[in-house]
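Given next are the chains, with one letter for each unit.
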Amino acid sequence: MKKIFALFLLFSLSLPTFAMFSIKGKIIDAGDQTSLSYVNVALFKQGSKKLITGVATDENGVFLIPSVDKGKYNLRISYVGYNTVNKTIEIANSHIDLGIIKLEDDSKKLGDVEVVGQAAQMHFDVDKRVFSVDQNIAAAGGSASDVLKNIPSVTVDDQGNVSLRKDGNVEVWINGKASGLTADNRAQVLQQMPAESIESIEVMTNPSAKYSPEGSAGIINIVMKKEHKAGYYGSVSAGVTCPDDLKLGKNLGASINYTSTKFDSYLNLGYRAMSFQGGGNTNRYNYVGSDTTSLKQDNKMRTAFSGLFLRAGIDYHLDNKNTLSLSGFGMAGNGNQNTNIQNLQIDLANPSVPLRNYYQNNSSTGDRPSLNLNFDYHHEFNKKGSDITAGVSYSSHKRDGNSIYAQRDLVNINDTSNINQKTVSNNTELEFKVDYTNKLTENSKLEAGWQSDISNRLSTTSGFNNISNTDIPSYYDNFNYNEQIHAGYLTYGSKIDKFTFQLGLRAEYMLKGSTITTKKGSTENDSIQVIPQNSIFHVFPSFFLSYSMPNNGELQFNYSSRVNRPRGQQINPFKNYSDSTNISFGNPNLSPQYSSSLELNYIKTWGAQTLSTSLYYHNTNDVIEGVHFLNNGVMQSTYLNVAKSQNTGLELISKNRLFKFLSLTSTLNLYYSNLDSASFVSPYNQTIGIPGQSNFSWSGNVMANFMLSKTFSGQITAEYDSPQLISQGTQNAKYSIDLGVRQTFMNRKLTISLNIRDLMNSDKGYQTTSGAGFSQTTSSYFHGRMFGLTASYNFGNMRPKPTDMKKQAASPDMNMDNGE
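Predicted model, so just to flag it, every value in this text is computed and none were measured.

Each value, and the rule that gives it
- Residues numbered from 1 in each chain as written.
- Predicted model: local features only at pLDDT ≥ 70, side-chain atom pairs only at ≥ 80, totals over all residues.
- Heavy atoms only, no water.
- Helix = DSSP H or I, 4+ residues; strand = E, 2+ residues; numbered from the N terminus.
- Buried < 20%, exposed > 50% of the residue type's maximum accessible area, 1.4 Å probe, protein only.
- Contact = heavy atoms within 4.5 Å.
- Areas by Shrake-Rupley, 256 points an atom, 1.4 Å probe, with all protein chains shown as cover.
- Phe/Tyr/Trp six-rings, centres within 6.5 Å; stacked < 30°, edge-to-face > 60°.
- Core = buried A, V, L, I, M, F, W, Y, C linked by side-chain atoms within 4.5 Å.
- Polar contact = N/O pair within 3.5 Å; in protein donor to acceptor, adjacent residues only side chain to side chain.
- Pairing = 2+ DSSP bridges.
- Axes fitted to C-alpha atoms, helices over the stretch in contact; angles between N-to-C directions.
- pLDDT = per-residue confidence, 0-100.
- Salt bridge = Lys/Arg side-chain N within 4 Å of Asp/Glu carboxyl O.
- Patch = residues over 30% accessible without salt bridge, like charges linked within 9 Å, V, L, I, M, F, W, Y side chains within 5 Å.

A. Seen up close, the overall build of the chain. Across its full length, the chain carries 5 helices and 47 strands. When burial is assessed residue by residue, the chain has 47% of its 820 residues classed as buried. Nonlocal contacts in the chain, meaning residues at least 24 apart in sequence, comprise 66% of its contacts between residues at least 6 apart. When the accessible area of the chain is evaluated, it comes to approximately 38,700 Å², of which 57% is carbon and sulfur surface.

B. Examining the packing of aromatic side chains more closely. The tally for this structure, following the rule as stated, stands at 11 aromatic pairs. With a centroid separation of 6.1 Å and 25 degrees between ring planes, the pair formed by phenylalanine 309 and phenylalanine 329 is classed as stacked. Residue phenylalanine 309 is located in strand E18 (residues 291-317), and its partner phenylalanine 329 is located in strand E19 (residues 322-347); the two are separated by 20 residues in the primary sequence. Phenylalanine 309 sits in the buried class, given a relative accessible area of 1%.

C. Representation of the nonpolar core in the model. By size, the foremost hydrophobic cluster in this structure holds 28 residues, and its most contacted members are Leu148, Val162, Met193, Ile198, Ile201 and Ile222. At the level of elements, helix H3 (144-149), strand E10 (154-156), strand E11 (162-164), strand E12 (170-174), helix H4 (186-192), strand E13 (198-204), strand E14 (218-224) and E19 are the ones that each hand at least two residues to this core. Core analysis: the next-biggest nonpolar cluster, separate from the first, contains 22 residues, Leu43, Val55, Ile65 and Leu103 among them.

D. Just the side chain of serine 370, in detail. Along the chain, the position of serine 370 falls in strand E21 (residues 370-380). Here serine 370 falls in the buried class, since its relative accessible area comes to 9%. Here the side chain of serine 370 touches histidine 397 through a polar contact of 2.9 Å, side chain to side chain. Discounting chain neighbours no more than four positions away, the residues touching serine 370 are Val189, Phe329, Gly330, Met331, Ser396 and His397.

E. Highlighting the sheet that holds strand E5 (residues 71-78). Across the sheet, which stays open at both edges, the 4 strands sit in the order E3-E2-E5-E6 with antiparallel pairing between neighbours. Strand pairing shows two members of the sheet lacking a second neighbour, strand E3 (51-56) and strand E6 (85-91), which therefore form its edges. Strand after strand, the sheet turns through a mean of 25 degrees between neighbouring axes, direction not considered. Relative to E5, strand E2 (residues 40-45) is paired through 6 bridges, and the arrangement is antiparallel. Paired with leucine 43 across the strands is leucine 75, a residue of E5.

F. Highlighting the confidence of the model for the chain. Put simply, the chain has an average pLDDT of 82, and 89% of its residues get 70 or more. When mean pLDDT is compared element by element in the chain, E21 scores highest at 94, while helix H5 (residues 805-808) scores lowest at 38. Below a pLDDT of 50 lies the segment residues 1-18, which in the model reaches 0 contacts outside its immediate sequence neighbourhood of four places, other chains included. Low confidence marks residues 802-820, where pLDDT is under 50. Its contacts with residues over four positions away, or in another chain, come to 36 contacts.

G. Examining the sheet that holds strand E30 (residues 582-584) more closely. Spatial strand order, E30-E34-E33: 3 strands in an open sheet with mixed pairing. The open sheet has two edge strands, E30 and strand E33 (624-631), and neither has a second partner. Direction aside, the axes of adjacent strands within the sheet are offset by 30 degrees on average. With 8 bridges joining them, E33 and strand E34 (residues 634-641) adopt antiparallel strand pairing. Across the sheet, residue leucine 630 finds its bridge partner in E34, namely methionine 635.

H. Broad picture of the pattern of salt bridges. Taken as a whole and assessed by the stated rule, the structure comprises 15 salt bridges. For the salt bridge of glutamate 447 with lysine 210, the shortest nitrogen-to-oxygen distance reads 3.4 Å. Of this pair, glutamate 447 sits in strand E24 (residues 444-465) while lysine 210 is found in the loop between E13 and E14, placing the two residues 237 residues apart along the sequence. The partner of arginine 356 in a salt bridge is aspartate 409, and the shortest N-O contact between them spans 3.9 Å. With a gap of 53 residues between them, arginine 356 in strand E20 (residues 350-367) and aspartate 409 in strand E22 (residues 387-409) connect regions that are remote in the sequence. Residue class for arginine 356 comes out partly exposed when judged on its relative accessible area of 27%. In the salt-bridge network here, residues are joined through shared partners; they are Glu214, Glu483, Arg506, Glu508, Arg565 and Arg567.

I. How the structure looks around the pairing of strand E39 (residues 693-707). Judged by how many residues are buried, E39 sits mostly within the fold: 11 of 15 residues are covered. Where strand E36 (residues 662-675) meets E39, 14 bridges bridge the pair, whose relative direction is antiparallel. When the sheet's bridge partners are listed, threonine 665 is paired in E39 with methionine 703. In terms of strand pairing, E39 meets strand E40 (residues 712-721) through 9 bridges, oriented antiparallel. By the bridge assignment, valine 702 is partnered in E40 with alanine 718. Taking the residues between adjacent antiparallel strands as the criterion, E39 and E40 are bridged by 4 residues.

J. Molecular detail of the environment of threonine 687. Following the sequence through the fold, threonine 687 ends up in strand E38 (residues 687-690). Sequence separation of threonine 687 and alanine 772 is 85 residues, and the distance between their C-alpha atoms is 9.5 Å. Excluding residues that lie within four positions of it along the chain, threonine 687 makes contacts with Phe680 and Val681.

K. Region of the structure containing the environment of asparagine 701. Along the chain, the position of asparagine 701 falls in strand E39. Asparagine 701 sits 16 residues away from threonine 717 along the chain, and the two C-alpha atoms are 7.2 Å apart. If we skip the residues at most four places from it in the chain, asparagine 701 touches Asn150, Pro152, Thr665, Ser666, Thr667, Thr717, Ala718 and Glu719.

L. Region of interest: unusual backbone geometry. Backbone geometry at aspartate 497 places phi at a positive 55 degrees, although glycine is not the residue there. With a relative accessible area of 65%, aspartate 497 lands in the exposed category. Despite not being glycine, aspartate 758 has its phi angle at roughly 55 degrees, a positive value. One can find aspartate 758 in the loop between strand E44 (750-757) and strand E45 (765-771).

M. Representation of a nonpolar patch on the surface in the model. A contiguous nonpolar surface patch, about 780 Å² in accessible area, is contributed by Val236, Val240, Leu248, Phe745, Met746, Ile752, Leu754, Leu789 and Tyr793. Of all elements in the fold, only strand E15 (231-243), E44 and strand E47 (786-796) reach the threshold of two or more residues within the nonpolar patch. Here phenylalanine 745 shows up in strand E43 (residues 734-745).

If you want it as structure tokens, here you go:
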């Protein structure tokens with residue numbers, strides 16, 4: 001052993017000594033002498049384009065390249081917005097200290113290389129389509145609802161209800177979270193959210209098990225702006241809108257952002273004040289034996305609201321692997337609505353003598369404050385993509401409303417009423433979530449997570465007779481609904497040659513219960529209905545498979561299981577008497593509807609042209625539908641699990657760049673739906689049948705973006721929806737056209753946008769429905785044509801924040817290895 005050790009020592013001492021040296025320095029701004037962090041410092045062998053190593057300066061502008069052999073090198077120092085510095089270095093027998101290196105501002109060069117063109121309106125990710133809102137000129141100065149109206153395959157009706165591929169069972173999220181949005185409050189929140197605060201819209205038609213299975217149609221995720229640029233920067237905006245009736249609306253906005261090596265922070269403010277005119281009519285025929293009566297109802301409505309939208313957040317980078325984030329948004333404002341309704345009911349056998357002829361005025365005022373808070377922690381295990389994110393969020397959406405229903409009969413002058421109805425509601429939700437990603441290899445990863453949602457929906461309604469100055473017991477309702485959902489998921493994905501697959505499984509345990517308090521007399525809490533807690537366990541699998549084809553083609557197949565759970569007005573049995581000719585109420589005995597979704601997608605790219613083809617199939621059990629029936633000649637509406645439905649569709653999306661100034665995004669959705677026949681027993685023990693229905697419909701959307709110069713651009717959006725199937729009837733066809741132009745000044749710091757929404761004043765709803773003993777047609781419109789003018793001004797540093805050198809090492813700019 002001693003001989004071996006001696007030989008090894010002798011051999012080691014006989015080897016030549018290879019010394020390693022270091023290169024260091026400090027980078028500052030040549031103008032204000034401040035330190036520059038995140039500057040890229042790259043080292044190349046002299047005469048070679050092969051990158052040897054690279055680092056980024058720290059928060060003090062200092063860099064250190066360790067362990068460098070003797071030799072001659074080229075050192076390149078680059079930073080966005082500054083002239084690149086190249087230095088020749090020779091390492092002999094000592095370390096190199098370059099001292100202070102000054103970078104000159106490169107604003108002239110930035111102007112020289114400015115690209116004349118528009119960013120992509122839409123791009124495809126693995127599991128979603130992403131639409132840029134910055135490129136949506138027609139929605140400038142509008143709301144989130146206006147933005148969604150211009151997204152292909154997304155529909156927003158005149159009541160603010162959102163649907164995807166003709167299916168209203170869609171989830172709308174904000175920054176990847178539900179944020180307390182429900183079918184009851186979604187329309188108001190989206191109408192108050194400024195379009196300028198939105199960065200993009202993500203559409204996921206078949207999400208994986210990682211995401212909540214709520215919404216059988218999929219998920220629409222609204223991504224709010226959160227830019228990262230060095231230093232401070234922001235913008236201010238102001239605009240006016242003018243509908244056909246010349247009631248001017250206004251919108252104001254401001255944002256300020258500050259970014260450093262340790263902090264990313266932002267504050268956004270928006271104020272909107274709008275006034276719309278709407279209305280509609282209903283023609284209904286009631287059949288009782290051989291008698292037929294007709295009810296004609298005409299209404300005109302004026303809606304106005306004003307509100308403040310505030311959003312703020314801060315990210316604190318503990319180090320380069322750990323980040324704490326605190327963010328949230330809030331809304332505060334009020335609105336009012338005044339509706340005049342004229343009703344005329346006649347017997348067709350004697351039409352000259354009205355059965356009823358009365359006038360009704362409904363006026364309401366209300367406040368809708370909302371709050372959403374998020375606290376998140378993110379840890380990055382490595383640069384390969386392994387990380388963990390944990391967070392807690394809280395949301396509260398309140399409503400405090402007061403409505404007066406005044407009715408006067410023109411036939412029987414003694415038949416008058418004046419009722420004051422007050423409604424107070426509060427929806428709260430607390431969410432805990434942990435997401436873990438382990439990048440096992442370059443081509444495989446494992447994802448796991450846990451999510452718990454605890455929510456409460458409390459609503460209290462009361463009525464008061466203004467004529468007799470007495471309470472109305474039948475108007476009292478206190479609905480208290482509690483729900484918990486606990487879920488865990490696991491997904492595994494891998495790439496093998498040209499195949500990529502992902503398997504996922506999500507298990508959810510739901511616990512729900514409610515208490516309903518009503519009055520049958522003057523005694524408080526006269527009737528209390530307790531719906532006991534009900535637990536439901538369900539597993540939601542998902543599967544994704546894709547194959548990369550030659551010449552930029554990709555074939556995808558995916559499957560997921562999803563659910564639509566009834567909540568809010570759907571399960572609250574309170575009867576709404578605001579329209580005495582159409583009484584509506586919920587059904588607390590509704591069951592969730594479960595669906596299975598299959599999609600086959602093909603994506604092909606030819607240079608600047610892209611075609612996406614999606615063939616999809618949805619099978620849904622226990623479909624929740626709104627149903628109508630007559631009771632003593634009065635129309636009543638509620639919700640039921642009616643039957644099974646099967647929907648099949650073909651969606652074509654084409655992106656085309658024609659010439660240098662025009663790009664088109666076109667969508668065609670062909671849709672076939674089938675709803676099985678069903679029957680139900682009404683609360684009045686009436687057996688009512690719903691015949692089976694099948695329907696073929698289609699919709700098309702074309703968005704044309706043109707750029708006539710580097711400062712002047714425009715957009716035209718046209719949309720058409722063919723007649724489609726609804727419960728007990730059809731929705732008639734409708735179309736709309738939006739257009740907008742944008743002019744920039746002062747090196748794009750000042751922007752002026754002019755747009756017209758619903759140019760042809762054609763975005764109106766028409767429905768035809770029928771059932772046992774009745775048939776009716778209805779039409780409605782919300783605000784019609786709208787003109788808008790918006791001006792915005794950007795200030796501060798408009799350069800993007802540089803990223804870590806290691807993240808850019810593989811980019812074409814940094815990795816210049818083209819061979820020696």
